[in-house]
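Listed here are the chains, written in short residue letters.
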Amino acid sequence: MLGQGAPAPRPLERPAAAEAPSGRVCGGDCLGGRCAVRRRGAYTSLQPPSLRGVAPTESARWRISALVSSAFPGSPSALHAAMAELRPSGAPGPAAPPAPGPTAPPAFASLFPPGLHAIYGECRRLYPDQPNPLQVTAIVKYWLGGPDPLDYVSMYRNVGSPSANIPEHWHYISFGLSDLYGDSRVHEFTGTDGPSGFGFELTFRLKRETGESAPPTWPAELMQGLARYVFQSENTFCSGDHVSWHSPLDNSESRIQHMLLTEDPQMQPVQTPFGVVTFLQIVGVCTEELHAAQQWNGQGILELLRTVPVAGGPWLITDMRRGETIFEIDPHLQERVDKGIEMDGSNLSGVSAKCAWDDLSRPPEDDEDSRSICIGTQPRRLSGKDTEQIRETLRRGLEINSKPVLPPINPQRQNGLTHDRAPSRKDSLESDSSTAIIPHELIRTRQLESVHLKFNQESGALIPLCLRGRLLHGRHFTYKSITGDMAITFVSTGVEGAFATEEHPYAAHGPWLQILLTGEFVEKMLEDLEDLTSPEEFKLPKEYSWPEKKLKVSILPDVVFDSPLH
């Protein structure tokens, strides 16, 4: 949630944020890896190195235990002592346990951290016969300097419903993206009516294999990887988002290598003392299904998955042994996707990407070039206000039926939730030691004569989607650099509020470039960029040029963007 001013200091310093990966494509509008971009949430490309090689056993960072034993080692008196020892200085202690009586809860119930207790209550409602499930527990909590943001991941056995084509499965539920404690050790308290922490917890449903007596633990590390992304970027997910993972989720040879996110079909939103918590379920998908979600929309693909029992069924249960896509199982589904793309376009409004742009109408060393302005030795980055406008721009990407509008550069911040998603809590993606020195009001909007756009192969492959699925439908599309230092927004002539115009189609506000493309030019570009739909068939670098429009696009190897000078 966005508030006025800088966020209050944390009592404990978080681990340094890792650089966001490229090509994020969430299902809608986040800036970060969307993800990534929509870091409030469109598509996200994430592959934390820590996930590779994870075996389904305990690690040095977490242990498997029962819920009560992991949360309450020893007697209630021992719990008092343990909580007092771990509690950040100045934080209030837990309330005294209630007097015993016929209606009093167990002695430890009042010692449960309130946010944890509220979520656990929803779990007990769903699984009354499993009061003490197996649980993956972070040995060193994130608020004590540990690497894993989720304090716990509970693992339940769900019997499903054979009559409804819902197989028996394992149900994983996270604890930690929401505010469990309420004492600012992890999350800032923003009121009971808003989101608790990031406003959601993750869940995952994995088909139980025949003879499997205990749940695999690799989904817990998968959830930790997504949570690390959320904490490091401070961007959130929402239903319909898609996450490009580029690796089998269980580190096997499975075709399930990416994820969609949707509302958990059984877990209900929970009102905690620290705000509202919803539950977003991870759904494993094949590469072809991810691409369909990008080209069309995540919600549409989720609905198709629900109609195919072996691909998820009504509860969208992931089967890592699934060897066919939904389009191979039922070829008619591709026709529904194609029709949806033709009718609706894409609701993917932006991605976090490896990208860059140059102003070819002036020398790079020109001191007014947005790429060369420096403060000391640090290049200028996107201002906080520009970042907020891009976030809002991407959020609006989900509003398919609304008129496409780019918000003003200095929008009024809302202290609340929109119906699409909670705004990112981050006031700025920039370093507080770099560009905050440059007053935003002094950065003028410049009209450019000629520009050169640079993308890596994964990002470049999305240009046809940007043109066909967005601009031809009167919308906009944003590439947000994973380094946070620049952005490129393509806009159509029907988008209001853009600073690029038909008279001046290339315009820059600091490091944020907008490019306005007419429908006729979009059609021409689609013809010339046709080979981008089969990127494996061409060699890098690849260059496209439209001299009459003074526009050049280059598709470059990743290593070019890994260099500080590109």
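Whatever comes next refers back to the structure up there.
These figures come from a predicted structure and were not determined experimentally. (Residues numbered from 1 in each chain as written. Predicted model: local features only at pLDDT ≥ 70, side-chain atom pairs only at ≥ 80, totals over all residues. Heavy atoms only, no water.)

## Examining the side chain of His 452
Here is step 1 of the chain: Structurally, His 452 can be placed in strand 18 (residues 451-456).
Here is step 2 of the chain: Classification of His 452 by relative accessible area gives buried; the value is 10%.
Here is step 3 of the chain: Within polar-contact distance, the side chain of His 452 engages the side chain of Ser 554 at 2.7 Å. (Helix = DSSP H or I, 4+ residues; strand = E, 2+ residues; numbered from the N terminus. Buried < 20%, exposed > 50% of the residue type's maximum accessible area, 1.4 Å probe, protein only. Polar contact = N/O pair within 3.5 Å; in protein donor to acceptor, adjacent residues only side chain to side chain.)

## Structural notes on the nonpolar core
Here is step 1 of the chain: Ranked by size, the top nonpolar core spans 53 residues in total, and within it Leu 177, Leu 202 and Phe 237 carry the most contacts.
Here is step 2 of the chain: Among the secondary structure elements, those contributing two or more residues to this core are helix 3 (114-126), strand 6 (152-158), strand 7 (169-175), strand 8 (195-207), helix 4 (218-233), strand 10 (258-263) and strand 12 (275-285).
Here is step 3 of the chain: At 9 residues, the largest contribution of residues to this core is made by helix 4.
Here is step 4 of the chain: Counting 40 residues, the second-largest nonpolar core is a separate cluster that includes Leu 465, Leu 529, Leu 532 and Leu 551. (Core = buried A, V, L, I, M, F, W, Y, C linked by side-chain atoms within 4.5 Å.)

## Topic: the sheet that holds strand 18
Here is step 1 of the chain: Spatially, the 4 strands line up as an open sheet ordered 14-18-24-23, and their pairing is mixed. Unpaired on one side and paired on the other, strand 14 (355-359) and strand 23 (542-546) mark the two borders of the sheet. Averaged over all neighbouring strand pairs, the angle between strand axes comes to 15 degrees, with direction disregarded.
Here is step 2 of the chain: For strand 23 and strand 24 (residues 551-556), the ladder comprises 5 bridges, and the chain directions are antiparallel. Looking across to strand 24, one finds that Tyr 544 is bridged to Val 553.
Here is step 3 of the chain: Its contacts with the sheet put helix 12 (residues 519-528) on strand 23 and strand 24, and the angle it makes with strand 23 is roughly 150 degrees. (Pairing = 2+ DSSP bridges. Axes fitted to C-alpha atoms, helices over the stretch in contact; angles between N-to-C directions. Contact = heavy atoms within 4.5 Å.)

## Details of the pattern of salt bridges
Here is step 1 of the chain: By the definition in use, this model includes 19 salt bridges.
Here is step 2 of the chain: One salt bridge in this structure joins Glu 122 and Arg 125, with 2.6 Å as the shortest N-O distance. Within this pair, Glu 122 and its partner Arg 125 are both found in helix 3, separated by 3 residues, close to a single helical turn.
Here is step 3 of the chain: Classification of Glu 122 by relative accessible area gives buried; the value is 9%.
Here is step 4 of the chain: Among the ionic pairs, Asp 319 bridges to Lys 207, the shortest N-O distance being 3.8 Å. With Asp 319 in the loop between helix 6 (298-306) and helix 7 (326-329) and Lys 207 in strand 8, this residue pair connects regions lying 112 residues apart in the sequence. (Salt bridge = Lys/Arg side-chain N within 4 Å of Asp/Glu carboxyl O.)

## Here we look at the sheet that holds strand 17 (residues 445-447)
Here is step 1 of the chain: Pairing is mixed in the open sheet, where 6 strands are placed in the order 13-19-20-22-21-17. The sheet is open, and its two edges are formed by strand 13 (350-353) and strand 17, each paired on a single side. Neighbour to neighbour, the strand axes of the sheet diverge by 20 degrees on average, direction disregarded.
Here is step 2 of the chain: As paired elements, strand 20 (residues 487-491) and strand 22 (residues 512-516) share 5 bridges and run parallel to each other.

## Concerning the pairing of strand 21 (residues 506-509)
Here is step 1 of the chain: What you see with strand 21 is no split at all: Tyr 506 and Ala 508 on one side and Ala 507 and His 509 on the other are buried throughout.
Here is step 2 of the chain: As judged from the 3 bridges shared by strand 17 and strand 21, these two strands associate in the antiparallel manner. The partner of Thr 445 across the bridge, within strand 21, is His 509.
Here is step 3 of the chain: When strand 21 meets strand 22, the two strands line up antiparallel, connected through 4 bridges. By the bridge assignment, Ala 507 is partnered in strand 22 with Gln 514.
Here is step 4 of the chain: Between strand 21 and strand 22, which pair antiparallel in sequence order, lie 2 residues; one of them, Gly 510, sits at a positive phi of approximately 60 degrees.

## Observations concerning the side chain of Ser 174
Here is step 1 of the chain: Here Ser 174 shows up in strand 7.
Here is step 2 of the chain: There is a polar contact of 2.5 Å between the side chain of Ser 174 and the side chain of Glu 201.
Here is step 3 of the chain: Of note is the side chain of Ser 174, whose polar atom sits 2.9 Å from the backbone nitrogen of Leu 202.
Here is step 4 of the chain: Ignoring sequence-local partners within four residues, the contact set of Ser 174 consists of Leu 150, Tyr 152, Val 153, Glu 201, Leu 202 and Met 223.

## Some words on helix 6
Here is step 1 of the chain: Considered for burial, the residues of helix 6 that qualify are Gly 298, Gly 300, Ile 301, Leu 302, Leu 304 and Leu 305.
Here is step 2 of the chain: On its buried side, helix 6 packs onto strand 10, strand 12, helix 5 (287-295), helix 7 and helix 8 (332-344).
Here is step 3 of the chain: N-capping of helix 6 is provided by Asn 297, with a side-chain oxygen placed 3.3 Å from the backbone N of Gln 299.

## Examining the packing of helix 5 against helix 6
Here is step 1 of the chain: Between helix 5 and helix 6, the shortest axis-to-axis distance is 7 Å and the interhelical angle comes to 135 degrees. Classified by the angle their axes make, helix 5 and helix 6 are oblique. Note on element contacts: helix 6 touches helix 5 through Gly 298, Ile 301 and Leu 305, opposite Glu 289, Ala 292 and Ala 293.
Here is step 2 of the chain: In the contact of helix 5 with helix 6, the residues fall into 4 nonpolar, 1 polar and 1 charged. (Parallel < 35°, antiparallel > 145°, perpendicular 65-115°, else oblique. Nonpolar A, V, L, I, M, F, W, Y, C, P; charged D, E, K, R; others polar.)

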